[in-house]
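Breakdown of the fold
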Amino acid sequence: MLWIYLVANEIVNGLQTIGTVFNIGYGILGLTFLAWANSIGDFISDLTMAKQGFPRMGIAACFGGPLLNLLLGFGIGTTIKCIKSPNHVMELNLLTSVEFICTMFLFASLVFSLVVVTIILRFRLGRTYGIVLICLYVTFVIVAILGEQNIIHSPRKPF
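What comes next concerns the included structure. (Residues numbered from 1 in each chain as written. Predicted model: local features only at pLDDT ≥ 70, side-chain atom pairs only at ≥ 80, totals over all residues. Heavy atoms only, no water.)

A short note on a nonpolar patch on the surface
Among the surface-exposed residues, Trp3, Ile4, Val7, Ile11, Val12 and Leu34 lie close enough to one another that they form a single nonpolar patch of about 550 Å² accessible area. Sort the elements by how many residues they give to the nonpolar patch and helix 1 (residues 2-21) lands first, with five residues. With respect to the element layout, Trp3 can be found in helix 1. What makes Trp3 exposed here is its relative accessible area of 59%. (Patch = residues over 30% accessible without salt bridge, like charges linked within 9 Å, V, L, I, M, F, W, Y side chains within 5 Å. Areas by Shrake-Rupley, 256 points an atom, 1.4 Å probe, with all protein chains shown as cover. Salt bridge = Lys/Arg side-chain N within 4 Å of Asp/Glu carboxyl O. Helix = DSSP H or I, 4+ residues; strand = E, 2+ residues; numbered from the N terminus. Buried < 20%, exposed > 50% of the residue type's maximum accessible area, 1.4 Å probe, protein only.)

Structural notes on the packing of helix 2 (residues 26-51) against helix 3 (residues 55-84)
Between two packed helices, what matters for the description is the angle formed by their axes and the separation of those axes. Running from N to C, helix 2 and helix 3 point in directions that differ by 160 degrees, and their axes come no closer than 7 Å. Classed by the angle they form, the pair helix 2 and helix 3 counts as roughly antiparallel. The handedness of the crossing between helix 2 and helix 3 comes out as right-handed. Packed against helix 2, whose contacting residues are Asn38, Asp42, Asp46, Met49 and Ala50, the element helix 3 presents Pro55, Met57, Gly58, Ala61, Cys62, Pro66 and Asn69 at the interface. Looking at the contact of helix 2 with helix 3 residue by residue, the classes come out as seven nonpolar, three polar and two charged. (Axes fitted to C-alpha atoms, helices over the stretch in contact; angles between N-to-C directions. Parallel < 35°, antiparallel > 145°, perpendicular 65-115°, else oblique. Left-handed = near helix turned anticlockwise from the far one by under 90°. Contact = heavy atoms within 4.5 Å. Nonpolar A, V, L, I, M, F, W, Y, C, P; charged D, E, K, R; others polar.)

Focus on the packing of helix 2 against helix 5 (residues 127-148)
For the pair helix 2 and helix 5, interaxial distance at closest approach is 8 Å and the crossing angle is 150 degrees. On the basis of the axis angle, helix 2 is roughly antiparallel to helix 5. Facing helix 2, whose interface residues are Tyr26, Gly27, Ile28, Leu31, Thr32 and Trp36, helix 5 presents Tyr137, Phe140, Val141, Ala144, Ile145 and Glu148. A class-by-class count of the residues in the contact of helix 2 with helix 5 yields nine nonpolar, two polar and one charged.

What to know about unusual backbone geometry
Backbone geometry at His88 places phi at a positive 55 degrees, although glycine is not the residue there. Along the chain, His88 turns up in the loop between helix 3 and helix 4 (97-120). Located in the positive-phi region is Arg122, a residue other than glycine, with phi close to 50 degrees.

As structure tokens, this is what we get:
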């Protein structure tokens with residue numbers, strides 16, 4: 001476990017150095033390079049499962065792996081933070097434009113997927129839906145980069 005922490009720490013330090021040298025914000029680095037590097041293993045394994053004739057397993061892994069990572073990552077981290085705080089509460093303040101943009105895109109994409117997949121497509125996913133999701137992601141990255149560069153702004157206190 002220690003070596004995983006050390007390698008991850010060095011990767012993050014390397015990205016911070018690249019961001020400092022090229023004047024790229026940490027938010028952009030996290031939204032792009034770190035996210036892509038973190039997801040490439042899942043992408044290749046899910047694609048391999050689908051090409052070997054197990055598309056249901058590939059689709060389940062697309063949702064199951066990141067969901068497990070998200071639930072355990074946030075769950076354990078939030079639990080530890082709550083236990084360590086004096087009043088056992090953790091405040092979440094979304095004050096920056098990028099945090100607000102990320103939250104709104106996440107909410108919008110989840111609601112969009114819920115409506116489209118369940119009501120419109122009736123759980124029959126095709127190439128068009130994949131292209132729509134890729135376009136949504138590209139739009140998200142562009143808007144997040146514009147927010148990180150302070151070209152677009154969110155309300156001062158969104159919540």
